[in-house]
Amino acid sequence: GLQTLIDEAGRAALSDLSAAEVELGHFIDAYRRAPDNHILALLAARAHLLVGLACRADHWPETCEKDAWRRMAHHYVAAGELLTAYDARALMSPLLAETQYMQALGSPGQADRVPDLFEDWITLDPANPAIYAAHAAWLAEPSRASDDDILALADAAVARVEATLGFGGYALFFQPLLAA
């Protein structure tokens, strides 16, 4: 599939991703046939994110870096455009919330949305350790959260899962943050 095409692509020029771009087009075509389907939208968005991630400038020769960053930004913005019509909470879709979160992480100027998108995602799947792991990587940047913010997020994690995990909410929250 798409990931294999990306993994097997050379890294000499951005045109090495042309087969992956063609495969991405299949996801977009499927979505266009049913534009009210949030699952097809998020799959097309995820395909954009995969190709966008493959465009990160550190994967390419120095002569391609500027174009690689532009192409990465293009894919993240295109993914965001596919997702804007859908509300993850209204649709009760943690998968959609995850995709919106991941899109914001890599999008120019979207960092301010990450905390709210985390709240959407974790509200829909409160005991999922993968959510805390994803957010820990973002929180690990010292300028993003104060110690008081971190403690408030940890307390919120405990409150979310208190009935089932008790103080295990602290472990859900802190283990990936300590690893990061």
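To start, this report covers the structure provided alongside it. Note that the coordinates shown come from a computational prediction; the quantities given were computed from them, not determined experimentally.

Thresholds applied
- Residues numbered from 1 in each chain as written.
- Predicted model: local features only at pLDDT ≥ 70, side-chain atom pairs only at ≥ 80, totals over all residues.
- Heavy atoms only, no water.
- Phe/Tyr/Trp six-rings, centres within 6.5 Å; stacked < 30°, edge-to-face > 60°.
- Helix = DSSP H or I, 4+ residues; strand = E, 2+ residues; numbered from the N terminus.
- Buried < 20%, exposed > 50% of the residue type's maximum accessible area, 1.4 Å probe, protein only.
- Core = buried A, V, L, I, M, F, W, Y, C linked by side-chain atoms within 4.5 Å.
- Contact = heavy atoms within 4.5 Å.
- Salt bridge = Lys/Arg side-chain N within 4 Å of Asp/Glu carboxyl O.

In the structure shown here, the tally under the stated rule is six aromatic pairs. An angle of 70° between the planes, with centres 6.1 Å apart, marks the rings of Phe-118 and Tyr-132 as edge-to-face. Here the residue Phe-118 occupies a position in helix H7 (residues 114–124), and Tyr-132 occupies one in helix H8 (residues 129–139), the gap between them amounting to 14 residues. Classification of Tyr-132 by relative accessible area gives buried; the value is 1%. On the numbers, 6.0 Å between centres and 5° between planes, the contact of Phe-167 with Tyr-170 is stacked. Grouping aromatic residues by their ring pairs yields a cluster made of Phe-118, Tyr-132, Phe-167, Tyr-170, Phe-173 and Phe-174.

Ranked by internal contacts, the top residues of the largest apolar core, which has 54 residues, are Val-51, Tyr-101, Phe-118, Tyr-132, Leu-139 and Phe-173. The biggest single contributor to this core is helix H3 (residues 38–54), with eight residues. Sequence-distant contacts of Tyr-101, that is, excluding residues within four places in its chain, are made with Val-114, Leu-117, Phe-118, Trp-121, Ala-134, His-135 and Trp-138.

Our next topic: the pattern of salt bridges. Considering all chains together, one arrives at six salt bridges under this definition. A salt bridge links Arg-46 to Glu-98, with the nearest nitrogen and oxygen atoms 3.4 Å apart. Of this pair, Arg-46 sits in helix H3 while Glu-98 sits in helix H6 (residues 94–106), and the two are 52 residues apart along the sequence. Here Asp-67 and Arg-70 are joined by a salt bridge, their closest N and O atoms 2.7 Å apart. Of this pair, Asp-67 and Arg-70 both sit in helix H4 (residues 65–83), three residues apart, which is roughly one turn of that helix.

All quantities given are derived from atomic positions and should not be read as evidence of function.
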